[in-house]
Amino acid sequence: MCDPMPAPSVAAFRCACMSFPIGVGLGWDKAHPKAFLRLSAPAIRALLRIMVIAELLGEWPQCIGCLFVVLLPKPDGGTRPIGLLPTIVRVWSRVRLAVAQQWQRAHESPCFYAGPMMSSTRAVWVQAALCRLYTSDAADEK
């Protein structure tokens, strides 16, 4: 489909783990991302291979790839769903963050509403305005 992403390095993995604050919420596996800093370089390389294989296949191994949804109470009543990912997936997303941001910058388009300074509300207003414009033009032609 496209060129493969650059192979992640042990240094990038460690940097990603370090980027999580101490008090960050834990995933469903109850592991803090900084716990991976205790691993040796060969162990990290093995984890990086699993990450790359998951990228190539487009899915995580069955034992890794599940998301738990927890409903947290809101102060004003009701609940808010929060997705709890496994820690390895959270670390992978940080490892690949720079690659994803670079791809997004290279493929920006005004019709995409996912990115900096874009919102779903803006998308709706722009589409409504365009719909009104084209509807008005069609009515004028009749």
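Residues numbered from 1 in each chain as written. Predicted model: local features only at pLDDT ≥ 70, side-chain atom pairs only at ≥ 80, totals over all residues. Heavy atoms only, no water.

## Brief notes about the overall build of the protein
Here is step 1: Scanning the protein from terminus to terminus reveals five helices and two strands.
Here is step 2: Reading the secondary structure of the protein in the N-to-C direction produces α-α-β-β-α-α-α.
Here is step 3: Classification of the 142 residues of the protein by burial places 20% in the buried group.
Here is step 4: Partitioning the contacts of the protein with sequence separation of at least 6, the portion at a separation of at least 24 is 54%.
Here is step 5: A total of about 10400 Å² of accessible surface is found on the protein, and carbon and sulfur atoms cover 65% of it. (Helix = DSSP H or I, 4+ residues; strand = E, 2+ residues; numbered from the N terminus. Buried < 20%, exposed > 50% of the residue type's maximum accessible area, 1.4 Å probe, protein only. Contact = heavy atoms within 4.5 Å. Areas by Shrake-Rupley, 256 points an atom, 1.4 Å probe, with all protein chains shown as cover.)

## Remarks on a nonpolar patch on the surface
Here is step 1: A cluster of nonpolar side chains, namely Leu67, Val69, Leu71 and Leu85, defines an oily patch on the protein surface of about 380 Å² accessible area.
Here is step 2: Tracing the chain through its elements places Leu85 in the loop between strand 2 (79-84) and helix 3 (87-95). (Patch = residues over 30% accessible without salt bridge, like charges linked within 9 Å, V, L, I, M, F, W, Y side chains within 5 Å. Salt bridge = Lys/Arg side-chain N within 4 Å of Asp/Glu carboxyl O.)

## Here's the deal with helix 2 (residues 41-57)
Here is step 1: Taking 1.5 Å of rise per residue, 17 residues should cover 24 Å, and helix 2 covers 24 Å from first to last C-alpha, within 8% of that figure.
Here is step 2: In this structure, the buried side of helix 2 is in contact with helix 1 (10-18) and helix 3.
Here is step 3: Trailing helix 2 by a residue or two, Gly58 shows a phi angle of about 80°, which is positive. (Expected span 1.5 Å × (residues − 1).)

## Points about unusual backbone geometry
Here is step 1: The residue Lys30 is not glycine, and still its phi comes out positive at about 60°.
Here is step 2: Take Lys30: it is sitting in the loop between helix 1 and helix 2.

## Let's talk about the side chain of Thr87
Here is step 1: As for its position among the elements, Thr87 is in helix 3.
Here is step 2: Exposure remark for Thr87: the relative accessible area of 0% places this residue in the buried category.
Here is step 3: Setting aside its immediate chain neighbours within four residues, Thr87 contacts Gly27, Asp29, Ala31, His32, Pro33 and Phe36.

## Let's talk about the pairing of strand 2
Here is step 1: In terms of strand pairing, strand 1 (residues 68-73) meets strand 2 through six bridges, oriented antiparallel. From the neighbouring strand, Val70 faces strand 2, where its bridge partner is Ile82.
Here is step 2: In this structure, the hairpin formed by strand 1 and strand 2 is closed by a connection of five residues, where Gly77 is found at a positive phi of approximately 105°. (Pairing = 2+ DSSP bridges.)

## Comments concerning the packing of helix 2 against helix 3
Relative placement of two packed helices is described by the angle separating their axes and the distance separating the axes.
Here is step 1: Two numbers describe how helix 2 lies on helix 3: the axes approach to 11 Å, and their chain directions differ by 80°. Of the possible angle classes, the one that applies to helix 2 and helix 3 is roughly perpendicular. Contacts between helix 2 and helix 3 pair Leu47, Met51 and Glu55 from the former with Ile88, Val91 and Trp92 from the latter.
Here is step 2: Looking at the contact of helix 2 with helix 3 residue by residue, the class counts come to five nonpolar, no polar and one charged. (Axes fitted to C-alpha atoms, helices over the stretch in contact; angles between N-to-C directions. Parallel < 35°, antiparallel > 145°, perpendicular 65-115°, else oblique. Nonpolar A, V, L, I, M, F, W, Y, C, P; charged D, E, K, R; others polar.)

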